[in-house]
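Geometric and topological summary
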Amino acid sequence: MIGSPYGPYNPYFDPSLYMMAQDEKRQLKRTSNALCWTLIASTVFLYAISIVGRVYLNAVGYTADYTNPDFHGFTPVLYYLLNGVTYSAGLAIPAFLYLSIFRIPPAEVLPFQKNGFLKTGACVLFGVAVCMLANIPASIISNIENMFGFDTDLSMPLTDDPAVLVLFFITIAVAPPIVEELIFRGIVLQSLRKFGDGFAIVGSALLFGLFHGNLVQIVFAFIAGLVMALVDVRTDSLLPSILIHFCNNAISFVLTVVQRLYGETTMGYVNNVVFGAAVLLGIGSLVYLWAKDRNFFQGGAVNPVFRTPEKIKTLFLNFGGIVLLIYAFLSSVYTLTQ
């Protein structure tokens, strides 16, 4: 029937489900567009704040120091101070603007429900194990890029100065878990949950991966984003994902420092020990979580007319989503060619 609300469905299909799906699709498109533009704004703010910082330093008479060119004319301490402030502000400002524009109470997208030590700890150990395993496909992508002559080294410059090491730790292990969880498992995930928890987990992980803007980190961040979103949904708290994120980045910090101080061989040994311990503890935590809640890894009911694959398409088939995809592609190409 032309113009029928049943669409391709037979006459016995419930038309209310179709109408609900159409309304949900329109809402999802608006929400996705706003979220994607918030992420794009974050990238713009990162560059803008960095430029403002440089202009300010020049205005107050700072003289560029190229003793170590890896720090781009800054002293190592100033380099990490500027990076930490830029990254934190660049992500936090658009996030709070999003909340202000749409008049969303922070408590609505920043849940911190109490879950008890054992459940939270099990979620964290399980999440860290998944992050460790996520390094495998990410390493495969990195090796493929190296085979074609691309330099995939994304490490930050470092010195043996204790002050620099402390700032390096704060920059990679403290600031990102707070600001990234605020925006991705907070604003993004919680905003998408009204369209289904399963979709929200996958959708937020996709956006988290694309935001990183290079192939290696897109793969890793997507997998890590899945497990961090899952435990947040099942605990209704951002605390597990913040701790998972912190532990993962802290491990990266430790391995970087060990490699610098004791060499590649010792770093490889430490990495193997940490990897093995993390996976074993993760398996134990997986068993514990499943035993305590058989529905922990199961999704909820969804509208059969508007399933997750269709929702994923809607997530990106809007102006903001398309711009974000273009950004991720161009950023990945740019990273490979540097």
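Below: a short report on this structure. (Residues numbered from 1 in each chain as written. Predicted model: local features only at pLDDT ≥ 70, side-chain atom pairs only at ≥ 80, totals over all residues. Heavy atoms only, no water.)

1. Description of the pattern of salt bridges
Our working rule: Here, a salt bridge means any Lys or Arg side-chain nitrogen found within 4 Å of an Asp or Glu carboxyl oxygen. The way it works is that DSSP assigns letters per residue, a run of H or I at least four long becomes a helix, a run of E at least two long becomes a strand, and they are numbered from the N terminus. The rule is simple: take the accessible area with a 1.4 Å probe, protein chains only, and divide by the maximum for that residue type; under 20% is buried, over 50% is exposed, in between is partly exposed.
One pass over the structure, following the stated rule, counts 8 salt bridges. Between Asp160 and Arg260 there is a salt bridge, and its shortest N-O distance comes to 2.7 Å. With Asp160 in the loop between α4 (117-147) and α5 (162-192) and Arg260 in helix α8 (residues 239-262), this pair connects stretches of sequence that are 100 residues apart. Exposure remark for Asp160: the relative accessible area of 48% places this residue in the partly exposed category.

2. Considering empty space enclosed by the protein
Where empty space is left becomes clear once a probe the size of a water molecule has been rolled over the atoms. Inclusion rule: Cavities and pockets are defined on a 1 Å grid built over the protein atoms alone: a cavity is a set of grid points where a 1.4 Å probe fits but cannot escape, while a pocket is an open set with protein on both sides within 12 Å along at least five of seven lines, and lining residues are those with an atom within 4 Å of any such point. Grid points are joined across faces, edges and corners, and a volume is the space filled by probe spheres set on the points. Under the convention adopted here, Pro, Cys and the residues Ala, Val, Leu, Ile, Met, Phe, Trp and Tyr are nonpolar, Asp, Glu, Lys and Arg are charged, and Gly plus all remaining residues are polar.
Counted by the stated rule, this structure contains 1 cavity of 30 Å³ or more. Of the volumes computed, that of the largest cavity is approximately 60 Å³. For the largest cavity, the full set of lining residues is Glu145, Asp151, Thr152, Leu154, Asn214, Leu215, Val216, Thr335 and Leu336. Taken together, the residues of the lining of the largest cavity sort by class into 4 nonpolar, 3 polar and 2 charged.

3. Overview of a nonpolar patch on the surface
Quick note on the threshold: Only residues whose relative accessible area exceeds 30% and that take part in no salt bridge are eligible for patches, with like-charged residues grouped when within 9 Å of each other and nonpolar side chains (Val, Leu, Ile, Met, Phe, Trp, Tyr) grouped when within 5 Å. We get accessible surface area from the Shrake-Rupley algorithm with a probe of 1.4 Å; when it comes to residues, only the shown protein chains can shield them.
On the surface, Leu133, Ile136, Ile140, Ile144, Met147, Phe148 and Phe150 cluster together to form a nonpolar patch covering roughly 710 Å² of accessible area. Along the chain, Ile136 falls in helix α4.

4. Quick word on the packing of α5 against helix α6 (residues 197-212)
What describes two packed helices is the angle between their axes and the distance between those same axes. Rule in force here: Note on method: axes are straight lines fitted to C-alpha atoms, helices fitted across the in-contact stretch only, with angles between N-to-C directions ranging 0 to 180 degrees. What sets the label is the angle itself: under 35 degrees gives roughly parallel, over 145 gives roughly antiparallel, 65 to 115 gives roughly perpendicular, and the rest give oblique. Left-handed describes a crossing whose near helix is turned anticlockwise from the far helix through less than a right angle; right-handed describes the clockwise counterpart. By definition in these notes, contact holds between two residues if any of their heavy atoms fall within 4.5 Å.
Relative orientation of the contacting elements α5 and α6 amounts to 140°, with a least axis distance of 9 Å. One finds that α5 runs oblique with respect to α6. Taken as a pair, α5 and α6 cross one another with a handedness that is right-handed. Contacts between α5 and α6 involve Glu180, Phe184, Arg185, Val188, Leu189 and Leu192 on the former and, on the latter, Phe199, Ala200, Ile201, Gly203, Ser204, Leu207, Phe208, Phe211 and His212. Along the lines of polarity and charge, the residues of the contact of α5 with α6 split into 10 nonpolar, 3 polar and 2 charged.

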